[in-house]
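# Structural characterization, general
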Amino acid sequence: MGSMKLYLLLLLGTYAIAQQEIESSSHPGCHLSKRFKIYKKYTYRYEAEIQNRVTGTSPLMNGPKLSCKVEIDVPVACSFELQTSECSLTEVVGTDGNGVPIYSPAAEAQAFQSAMEKNVLKFVVEGETGVTLYPEGDETNILNFKRGIISALIVPVMEKEESKDMVTVHGICATDVKVNTKEDISTDVTITRDLSGCDTFKTQRSHTSPIAIITGLQYPLSKLIGSTQTCNYKFDNQKKHMTSATCTEKHIFLPFSYQNKYGISSLVKQILTLQETSKINDRVFDYRTAYPKDLALEAIEDKAPIQTSEALLFIFRELKSMNEKPDRQLRANKFQSLVSELRGLEHQVLQQTITQMVEEDKLLTWQALTQCGTPECGSAMFSILKTFDTDAIEVDAAVYALGMMHSPTGLLVKDILEIAQTKQSKPIMYALSNAVRRHFQTEGQLTSEILEVYNFITSILGADCAGEKDLTYLTLRVIGNMGEAMEAANPNMKTTLLKCMRQPATTLSVQMSAIQAFRRMSVTPEVRSNIQRVALYAKGAVQKRLAAYLLLMKKPESSDLEVVKKILTQDQNVQVKSFVASHVYNIIHSRDPEIQKLGKRIVEVMQDDEVLTHSNYTLLSRNYKMDIFMPGKDVIGSSTQGSIIFDPSSQLPREVMLETTLKAFSYNLDFMEFGMDGKGFEPTVETLFGSNGFFPDTISKAMYWVGDKMPNKINEVLQEWVDPLRTEKTKRQVPENIIREMVRNFNKLAKDLYNQDSPEAMAYLRIMGNELGYIKSTNELSAIVDRMATYIQALKYSPAWITKVLMSGDQSIFAHYIFMDNEFFLPTASGFPLKFALSGTFAPGVEGGLRMEPGRHELSFSPSMAVEFVTRMGVHIPKFVVAAVEMHTNMFHESSFNAKITKGDGQIKLSIPAPKGTTEIFRVSNKLVMVSKTMVTLVPDTGDRTAIAHCSPLISGINYCTTILNSRAERNSPYFPLNGESNFVLGIQPTGDITEYTATIAYELLNEGKEGRQKVDSLKMILKAEGDKHTEASATIKYNRNKNILTTSIAIPDYDIEAGIKVGVTDGIAKGKKISIDISNKNIHQFSLIGRAKLETMNDGLLEAQLIVPSLNTEGTLTATLNCVEDLTLELKSNIKLPETNSVQRITFQYAKDEMKMEMKSDIESEIQKLMRNAAPLQSHLDQVFDDIMEHKVVKTDMKLRHIYAKLWEV
């Protein structure tokens, strides 16, 4: 009996083992079942090493290194449980002499270990590309790290070498497989892939400045990063499981790189080494998570590892006091660092710090917060706004702007809600709706913040909108913006809206807004039937019925088309019927293929009833439509439609709408919609344009007034324009004083408008289906105009305020603006993100001021400007390790002007002290740094460092100098700017010989001439450079009032310059007018230019110009004489005198009756040979040379050149 039991036991055991082998090797849907067998535990040692560096430039690097024990249980085929333990986290702190990195434990190593060991990660592999994760509470960054381990475990199918698709943390990637060694199975396999081809290797945009003008470039910038991965797998030939895996992933920034190999790069290395395998008894794979996830990495918040305010406040205070330090060129860099620190802080820490920052420097705090862009910074701004007066318009403007953020978080929604609960203004309520709508679209699910907003909205509406009408109207308008989110929070919201739609105690505008609030909600059968009843209700208001009709026609069903038929065939309301007929007519005749399908359905429903529109545009409601569509497979086009709705009680339109829709690539975008409705305008129109209105009466009277002052043709045109406006009464009136009549008419208009009831009007604007706001009633419009005028006035006086500040003494004004901000993440195999950022910061400023004392003013003016571009790239661990490589390109300008002005005794003196040290007028620098949380290390130079300095004199006592500092690139290293620190400096340097520059301007009235009878104004300016090498220059201007002579003189003794210019103007009866310009040097006449003009009784005229250069014994005169006493005679004469040469040229024109004569005379005398002492021998030599040339024979003839010359002369 015992033997039988033993036999059965052995039989069952053998069967169980055989069954296990069958189950582990017969799972055709999962290729991993051959490598990781069922009921086994595989224990690996996993290491992930990250190196951020500038390859080829320096051995310096940074980055974390992780090591964990990884246990993988396989309770069910292709269903795995991953447990990590014994994890360590270190980071690079330096390198040894051989360039091998030295590691030290990271500050957050213990927290990282606890987070890694906390939860088991379960995942299922299906087929070759299907991986589903079932996390149990891991934070996103920890889950991403575990994803990296799983990605390394996904081994390729190795039946044959080919390119195949494999699943990784980058998505589905095309992978090349190469078998290196093959025994019974492939035991050594290498795979390579270009990560840019993976379907989820896409950028994850980070927070950037919302006011930057160059942003959103993450896609083109990501294409400048080359990313590749190579993995090597080794397998046990007998047991077929993986024994080791090594994956190397490289990312390199291609611009400035050398051979796409040397430059800014990040290396990610993964190593999996099998330690042991064992059996497990667990046969159950249970996963109870509600949210399964994919293997692709998720976006995470990039927060600093150490959440303290110390670093932030240190940079903040350093930036505050930057104008007191020598390294002012770092201002732009410090501001960019300040914003980065703000982005790295979490909500609680930032809230504790922001109060202190505002107390120390409110302006700088606002500059940083507005350019931060994170939800935490937005919340910090809200906390500051809460300290403002609730009626301040700044609160409304700031909240509205924050509500327009692209991807608002729950924190932003909560902050806006807190302000909306205390102040329900239009900007705040619209900001709340915009934030909720975008937040719901971003999250894709209902959040607690949306539920809080829903509760707040329903508390305003109540059960049936019976509360305060204006607030209810506003609430219904904003519900239309966030309809999807409100419906997701509670579908019963639609029941409340239906009650609001039928509320008799409220206004028509509230009822219509309740209908329009459904525009972003799904229309259920209950809602549809209620809306249909409103559209068909014969006694209902025209606007309300048509609002219901238009809502039904957005996505009409068969029952809605029956409603259309009833309106067109049975309805007695002319306005409703006219509008629906025109709307349906436009649908039937539309060019949009989709709308044409709807038109065919309507035609089928209408059967034999033809749909026609009307042409009464001034009295009947109508829909207008114009569409343009391009033929093709993909419908591309646009349509513009407008609606004008009349009310039976008025001849003026009650509502006007204009809507533009774009359709392309299966997207239907409501580009813009503008609407306006109003009532009560009839008295105003009558006052303005009626028979006794302002415009007919005023224009008629004005026409009578201008009747005698305009040409006849213009009068005829004006009469045709104005006659229709005149009445019999105005035709008989002829005003005596047109201005008085116009003033009387205007006063009458103002009085009539004041006595009338104000008309009611509302206008709204929607962009891309999102309502931006509305203006209701003229009171709101006037309030907006008043506020705009107030702020325009404040803006008008801002330059005066800045001037006043600068004149109050030593002051400093600085601004900081991040004009370019691009930041994004790319996934890496380690599970940690590769962060890339490119930013540009502009920091202009001015220091100084003006001090004024009696007779003395001191001016100090020091403008500066810094621009810095920062390129950052590196793989790091958010909340645990900071690591990156940064390239800083800085441009800086600074200049200084200090002056003292003294006045007294008819003179003004300006004194400018000489510079005491070198001033850098312009500086450009470029450097590379390795960034970690503990230190910032400058990347050393490569090759020989070259410094070129050159100085040249600029002015007396000052040299301008240029300095170039650069490194020569070595072989296998990148070129500039990745080869170390480089500088270019243009500056001015004092020589020390000059202590001060002065400029003195003195005025004096002199008495010259005989007995001092001539009054001469004298203005003298003296420029001095005082010091060891004294230099002086003076300029004097004198004006003789009696002789009309202006004299100027310039004297620079050090350069032996003493020059003068004399300008005189005389007017004589005999000689006419004369102007002369004389130039002299050292009181020696050098140049004279004289001009004369004479005209007598329009019969005799003279115009003459004369140039005299005594030093060259040269004189030239050009004269034009005109005489027309009897005959017309014009004489042009030139008289030029040169050394030993005179030339007189004369041309005379004479015109008498039918006869014209012209006489030309030329007279030239020259004895130039007197100037040439050896002229005779030279002439004899030239004659002999000429004779020799003439005696030459022509080739192949007996003729000489003399004969040919003679024959030519005869011809």
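Residues numbered from 1 in each chain as written. Predicted model: local features only at pLDDT ≥ 70, side-chain atom pairs only at ≥ 80, totals over all residues. Heavy atoms only, no water.

## Focus on the overall build of the chain
Scanning the chain for helices and strands turns up 31 helices and 46 strands. Looking at the chain as a whole, 42% of its 1211 residues qualify as buried. Taking as baseline every contact in the chain between residues at least 6 positions apart, the subset at least 24 positions apart corresponds to 60%. When the accessible surface of the chain is split by element, carbon and sulfur atoms take 57% of a total near 64,700 Å². (Helix = DSSP H or I, 4+ residues; strand = E, 2+ residues; numbered from the N terminus. Buried < 20%, exposed > 50% of the residue type's maximum accessible area, 1.4 Å probe, protein only. Contact = heavy atoms within 4.5 Å. Areas by Shrake-Rupley, 256 points an atom, 1.4 Å probe, with all protein chains shown as cover.)

## Topic: the nonpolar core
Counting residues in each nonpolar core, the largest one holds 103 residues, and the members touching the most others are I457 and M486. When residues of this core are assigned to their parent elements, the largest contribution, 8 residues, is made by helix α12 (residues 426-443). Judged by nonpolar contacts, the second largest core, of 84 residues, contains L133, V155, C231 and F235. (Core = buried A, V, L, I, M, F, W, Y, C linked by side-chain atoms within 4.5 Å.)

## Concerning the packing of aromatic side chains
Tallied over the entire structure, the rule returns 11 aromatic pairs. Seen in terms of ring centroids, F36 and F80 are 6.0 Å apart; in terms of plane orientation they differ by 85°. Their pairing is edge-to-face. Of the two residues, F36 is situated in the loop between α1 (2-25) and β1 (40-54) and F80 in strand β4 (residues 79-95); the sequence distance between them amounts to 44 residues. In this structure, F36 and F80 share a single accessibility class: buried. Centroid distance F819 to F869: 5.8 Å. Interplanar angle 85°. Geometry classified as edge-to-face. Taken as a pair, F819 in strand β24 (residues 817-826) and F869 in strand β26 (residues 856-875) lie far apart in primary sequence, 50 residues in all. Judged by relative accessible area, F819 falls into the buried class, the value being 16%. F869 gets classed as partly exposed once you look at its relative accessible area, which sits at 26%. Here a set of aromatic residues connected by ring pairs shows up, and it is made of Y46, F112, F145, F832 and F880. (Phe/Tyr/Trp six-rings, centres within 6.5 Å; stacked < 30°, edge-to-face > 60°.)

## Let's talk about the confidence of the model for the chain
Summing up the model confidence of the chain, the mean pLDDT is 80 and the portion of residues at 70 or higher is 81%. Counted against residues more than four places away or in other chains, residues 703-711, with its pLDDT under 50, gives 14 contacts. Within the model, pLDDT remains below 50 along residues 724-736, and this stretch shows 19 contacts once partners closer than five positions in the same chain are excluded. (pLDDT = per-residue confidence, 0-100.)

## What about the pattern of salt bridges?
For the structure shown, the criterion picks out 31 salt bridges. The partner of K303 in a salt bridge is E376, with the nearest N and O atoms 3.0 Å apart. Here E376 lies in helix α9 (residues 375-385) and K303 lies in the loop between β16 (293-294) and α5 (310-320), a separation of 73 residues in the sequence. Notably, a salt bridge pairs E823 with K835, separated by 3.6 Å at the nearest N-O pair. Separated by 12 residues along the polypeptide, E823 in strand β24 and K835 in strand β25 (residues 834-853) bring together distant segments of the chain. Exposure class is identical for E823 and K835. Each is buried. (Salt bridge = Lys/Arg side-chain N within 4 Å of Asp/Glu carboxyl O.)

## Description of helix α8 (residues 362-370)
Buried within α8 are the following residues: L364, T365, W366, Q367, A368 and L369. Residues of α8 that are buried sit in contact with α5, α6 (331-344), α7 (347-360), α9 and β23 (811-814). The residue sitting at the N-terminus of α8 and contributing the capping side-chain oxygen is D361; that oxygen lies 3.3 Å from the backbone nitrogen of L363. (Polar contact = N/O pair within 3.5 Å; in protein donor to acceptor, adjacent residues only side chain to side chain.)

## A closer look at the environment of D677
With respect to the element layout, D677 can be found in strand β20 (residues 667-679). Note on D677: relative accessible area 21%, which makes it partly exposed. Between the C-alpha atom of D677 and that of I644, which follows or precedes it by 33 residues, the distance is 9.6 Å.

## Remarks on the packing of helix α10 (residues 393-403) against α12
As a packed pair, α10 and α12 sit with axes 8 Å apart at the nearest point and diverge in direction by 15°. When the interaxial angle is binned, α10 and α12 end up roughly parallel. Considering only the axes of α10 and α12, their crossing is left-handed. The residues of α12 that touch α10, namely those facing D396, V399, Y400 and G403, are P427, I428, Y430, A431, N434, A435 and R438. (Axes fitted to C-alpha atoms, helices over the stretch in contact; angles between N-to-C directions. Parallel < 35°, antiparallel > 145°, perpendicular 65-115°, else oblique. Left-handed = near helix turned anticlockwise from the far one by under 90°.)

## A closer look at a nonpolar patch on the surface
Residues I908, I1001, Y1003, L1005, L1019, M1021, L1023, I1037, Y1039 and L1046 make up a contiguous nonpolar surface patch of about 830 Å² in total accessible area. Mapped onto the nonpolar patch, the elements with two or more residues apiece are β35 (994-1008), β36 (1014-1027) and β37 (1031-1040). (Patch = residues over 30% accessible without salt bridge, like charges linked within 9 Å, V, L, I, M, F, W, Y side chains within 5 Å.)

## Details of the state of the cysteines
What we call a disulfide is simply a covalent bond connecting the sulfur atoms of a pair of cysteines. Counted by the stated rule, this structure contains 6 disulfides. Shown here is the disulfide that connects C173 with C198, its sulfur atoms set 1.9 Å apart. As the torsion about the S-S bond is roughly 120°, the C173-C198 disulfide counts as right-handed. Residue C173 is found in strand β9 (residues 171-182), and its partner C198 is found in the loop between β10 (186-194) and β11 (204-205); the two are separated by 25 residues along the sequence. Exposure class is identical for C173 and C198. Each is buried. At a sulfur-sulfur separation of 1.7 Å, the disulfide partner of C465 is C500. The disulfide joining C465 to C500 has a torsion of about 70° about its S-S bond and is therefore right-handed. You can see C465 sitting in the loop between α13 (448-461) and α14 (469-481) and its partner C500 sitting in helix α16 (residues 493-502), a full 35 residues away along the chain. (Disulfide = S-S within 2.5 Å.)

## A word on the side chain of S1088
Tracing the backbone shows S1088 in strand β41 (residues 1084-1096). Residues contacting S1088, with those up to four places away along its chain left out, are I1077, D1078, Q1106, L1107 and I1108.

## Here we look at unusual backbone geometry
In terms of backbone geometry, most residues other than glycine have negative phi values and most peptide bonds are trans. With a phi angle near 70°, K240 is a residue other than glycine that sits in the positive phi range. Following the sequence through the fold, K240 ends up in the loop between β13 (225-235) and β14 (242-253). Positive phi, normally seen in glycine, also occurs at C465, with a value near 60°. Since its relative accessible area comes to 1%, C465 is described here as buried.

## Examining the packing of α9 against α10
In contact at an axis separation of 11 Å, α9 and α10 are set at 165° when each is read in the N-to-C sense. In this view, α9 runs roughly antiparallel relative to α10, as classed from their interaxial angle. α9 and α10 meet at a crossing whose hand is left-handed. Between α9, through G378, M381, F382 and L385, and α10, the contact on the second element is made entirely by V395, A398, V399 and L402. Of the residues belonging to the contact of α9 with α10, the class tally is 7 nonpolar, 1 polar and no charged. (Nonpolar A, V, L, I, M, F, W, Y, C, P; charged D, E, K, R; others polar.)

## Quick look at the pairing of β37
Where β36 meets β37, 10 bridges bridge the pair, whose relative direction is antiparallel. Bridging across to β37, K1020 finds its partner in T1036. Linking β36 back to β37 in an antiparallel pair, the connection comprises 3 residues. As judged from the 7 bridges shared by β37 and strand β38 (residues 1045-1052), these two strands associate in the antiparallel manner. For S1034, the partnering residue across the bridge sits in β38 and is A1051. Between β37 and β38, which follow one another and run antiparallel, lie 4 residues, and N1044 among them has a positive phi close to 55°. (Pairing = 2+ DSSP bridges.)

## Some thoughts on the side chain of H241
Of note, H241 is situated in the loop between β13 and β14. With residues up to four places along the chain from it excluded, the contact list for H241 reads R35, Y42, K234, F235, D236, L274 and T277.

## What to know about the environment of S925
The residue S925 is located in strand β30 (residues 919-932) in this model. Distance from S925 to I964, taken between C-alpha atoms, is 9.8 Å for residues 39 residues apart in sequence. In contact with S925, other than residues within four places in its own chain, are H888, T889, N890, S982 and N983.

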